[in-house]
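Close look at the chain arrangement
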Amino acid sequence: MKENRRSFLQIASAIIGGVMGLAAGIPLIGFAISPAWQKGESKWVNIGLVDRLKNSRYKKVNYTFTAKDGWVKATKKRSVYVTDIGNGEWSVFTRICSHLGCLVRWDEGQESFLCPCHGAVFDKNGAVVAGPPPEPLQKLEVKVESGILYVKEI
Ligand code: FES
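Reading guide: rules and limits
- Residues numbered from 1 in each chain as written.
- Predicted model: local features only at pLDDT ≥ 70, side-chain atom pairs only at ≥ 80, totals over all residues.
- Heavy atoms only, no water.
- Pairing = 2+ DSSP bridges.
- Helix = DSSP H or I, 4+ residues; strand = E, 2+ residues; numbered from the N terminus.
- Axes fitted to C-alpha atoms, helices over the stretch in contact; angles between N-to-C directions.
- Disulfide = S-S within 2.5 Å.
- 1 Å grid on protein atoms, 1.4 Å probe; cavity = no way out; pocket = protein on both sides within 12 Å on 5 of 7 lines; lining within 4 Å.
- Points joined across faces, edges and corners; volume = space filled by probe spheres on them.
- Nonpolar A, V, L, I, M, F, W, Y, C, P; charged D, E, K, R; others polar.

1. A short note on the sheet that holds strand 9 (residues 142–145)
Spatial strand order, 1-10-9: three strands in an open sheet with antiparallel pairing. Looking at strand neighbours, the two that pair on one side only are strand 1 (43–49) and strand 9, the edges of this open sheet. Ignoring which end each strand starts from, the neighbouring axes of this sheet average 35 degrees apart.

Encoded structure:
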């Protein structure tokens, strides 16, 4: 009888200890692995002084920024084409081709973006004119603050 009571108490305390361990451990595990499911946050990135970009027409601008994606914090390089539309309006296109990611270049003579990889042609508004890209060139969201042009990086 005494043996039964002892083994019952051992089993009961093992179960209670296990449940308490799980209750304490699950939030810790969630905290440790949650960054893996987090997408990179969008952020505004300074790409230059408005005074320097004034009257630009499809001007190539390169910039870097740091972004956190999951556990990884990395410096990323970007290249865009900036146009001053006037009246405080700006147009900024990424150079990343929507097909497989090659960098397009602006051709002033053809007034088009050309992709060297598979012959894609995008018009001056980024729409696909020829080639395999499934989508237009991405136009980035922009804002001007304190004389600085910012683009929204995703
Ligand atoms: S990557 Fe630009 S057309 Fe294929």
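2. A closer look at the state of the cysteines
Scanning the model with the defined rule gives one disulfide in all. Paired by a disulfide, Cys 102 and Cys 117 hold their sulfur atoms 1.8 Å apart. Linking Cys 102 and Cys 117, the disulfide has an S-S dihedral of approximately -95 degrees and is accordingly described as left-handed. Of the two residues, Cys 102 sits in the loop between strand 4 (89–94) and strand 5 (105–107) while Cys 117 sits in the loop between strand 6 (112–114) and strand 7 (121–123), which places them 15 residues apart along the sequence.

3. So, the layout of surface pockets
Counted as a void, the second largest pocket has a volume near 210 Å³. If you trace the second largest pocket, you find it lined by Arg 78, Thr 94, Ile 96, Cys 97, Ser 98, Glu 135, Pro 136, Leu 137, Gln 138, Leu 140, Glu 153 and Ile 154. Each residue belonging to the lining of the second largest pocket can be placed in one class, and the counts come to six nonpolar, three polar and three charged.

Don't take any of this as a statement about function, it's just geometry.
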